[in-house]
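# Residue-level structure breakdown
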Amino acid sequence: MSKVYTVGVFVGSLRKDSINRKLAHALAELAPPSLKLDFIEIAGLSLYNQDEDENPPAAWTAFRDRVRAVDAVLFVTPEYNRSVPGVLKNAIDIGSRPYGQSVWNGKPGAVVSASPGAIGGFGANQHLRQSLVSLNVPAMPQPQACIGGADKLFDASGKLVNEGTRKFLRGFMQAFAEWVAANAGE
Ligand SMILES: Cc1cc2nc3c(=O)[nH]c(=O)nc-3n(C[C@H](O)[C@H](O)[C@H](O)COP(=O)(O)O)c2cc1C
């Protein structure tokens, strides 16, 4: 049997009716069998403070342990004021410290952004990629997934019903599976 890779999924919105969370669930459904998606929650993380590095909150340690355990990372995020929502950046910062002990290091990644707006969170998508370079997370360059008009793609139960988007995202996850297989360590 071919290897199955575990992918940590990080949703950049805490909103209970989040479009991005619905999209993340659609990505889990559309992923090929070689990827197993594992949702890692960021809501319970307090704001990062370097003073706490020596005696970190239990939630930071649990989060770091979860991220350390996965083979790859997938970010699904809205755009806030043309950038990454603070809650997601906070989680990224927590995982990156203490210095030299980043849990992100070397894990292949991908970014999906979604917005009701036309450009699909492009600004957040690009800013997040900038942080991933710093974290040594090789982020899949193509296909790029900036999903515009995203509030119109789901039915009342939260299922992604737009066939064109389903097809695109299935291809995206297939490409990501190949990216993970090529870039994950043994
Ligand atoms: C603080 C804030 C800033 C926002 N800034 C942007 C933005 O820069 N670009 C954009 O397309 N949408 C922006 N929006 C609208 C979000 O795209 C919209 O609320 C979306 O539903 C959030 O994603 P979610 O449904 O996953 O929570 C902003 C929303 C909030 C609350």
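First things first, this report covers the structure right here in the doc. (Residues numbered from 1 in each chain as written. Predicted model: local features only at pLDDT ≥ 70, side-chain atom pairs only at ≥ 80, totals over all residues. Heavy atoms only, no water.)

## As for helix 3 (residues 86-95)
Note on helix geometry: an α-helix contains 3.6 residues per turn, so any two residues three or four positions apart are oriented the same way. Listing the buried residues of helix 3 in full gives Leu88, Asn90, Ala91, Ile92, Ile94 and Gly95. On its buried face, helix 3 is in contact with strand 1 (5-11), helix 2 (58-69), strand 3 (72-77) and helix 4 (122-134). (Buried < 20%, exposed > 50% of the residue type's maximum accessible area, 1.4 Å probe, protein only. Helix = DSSP H or I, 4+ residues; strand = E, 2+ residues; numbered from the N terminus. Contact = heavy atoms within 4.5 Å.)

## Some details on the environment of Asn125
Along the polypeptide, Asn125 turns up in helix 4. Taking relative accessible area as the criterion, Asn125 reaches 0% and is therefore assigned buried. It is 25 Å that separates the C-alpha atoms of Asn125 and Asp65, two residues lying 60 residues apart in sequence. The residues touching Asn125, leaving out its near neighbours within four places in the chain, are Val111, Val112, Ser113, Gln144, Ala145 and Cys146.

## Some points on the pattern of salt bridges
Taken as a whole and assessed by the stated rule, the structure comprises nine salt bridges. With a shortest N-O distance of 3.0 Å, Lys89 and Asp93 are connected by a salt bridge. Of this pair, Lys89 and Asp93 both sit in helix 3, four residues apart, roughly one helical turn. Exposure remark for Asp93: the relative accessible area of 25% places this residue in the partly exposed category. Residues joined by salt bridges that share partners form a network here, namely Glu29, Lys159 and Arg166. (Salt bridge = Lys/Arg side-chain N within 4 Å of Asp/Glu carboxyl O.)

## Details of the pairing of strand 2 (residues 35-39)
Only one face of strand 2 is covered, namely the face carrying Leu35, Leu37 and Phe39; the face carrying Lys36 and Asp38 is uncovered. Note that strand 1 and strand 2 share five bridges and pair parallel. When the bridges of strand 2 are listed, Val7 appears paired with Leu37. Viewed along the sheet, the connection from strand 1 through helix 1 (residues 19-30) into strand 2 turns out right-handed. (Pairing = 2+ DSSP bridges. Right-handed = clockwise from strand over helix to strand, strands pointing away.)

## Things to note about the packing of aromatic side chains
Scanning the entire structure with this criterion turns up six aromatic pairs. Each ring, one from Phe63 and one from Trp104, has its centre 6.2 Å from the other, and the planes form 65°; the classification is edge-to-face. With Phe63 in helix 2 and Trp104 in the loop between helix 3 and strand 4 (109-114), this pair connects stretches of sequence that are 41 residues apart. The residues Phe63 and Trp104 share a single accessibility class, namely buried. Aromatic rings pair up to connect Phe10, Phe63, Phe75 and Trp104 into one cluster. (Phe/Tyr/Trp six-rings, centres within 6.5 Å; stacked < 30°, edge-to-face > 60°.)

## Details of the site of the ligand
In the vicinity of the ligand, the contacting residues are Ser13, Arg15, Ser18, Ile19, Asn20, Pro78, Glu79, Tyr80, Asn81, Arg82, Ser115 and Pro116. For the ligand, a nitrogen atom lies 2.6 Å from a polar atom in the side chain of Glu79. Take Asn81: an N or O atom from its main chain is 2.8 Å from a nitrogen atom of the ligand. In isolation the ligand has 620 Å² of accessible area, and contact with the protein removes 70% of it. Here the shell around the ligand is composed, by residue class, of four nonpolar, five polar and three charged. (Near = heavy atom within 4 Å. Polar contact = N/O pair within 3.5 Å; in protein donor to acceptor, adjacent residues only side chain to side chain. Areas by Shrake-Rupley, 256 points an atom, 1.4 Å probe, with all protein chains shown as cover. Nonpolar A, V, L, I, M, F, W, Y, C, P; charged D, E, K, R; others polar.)

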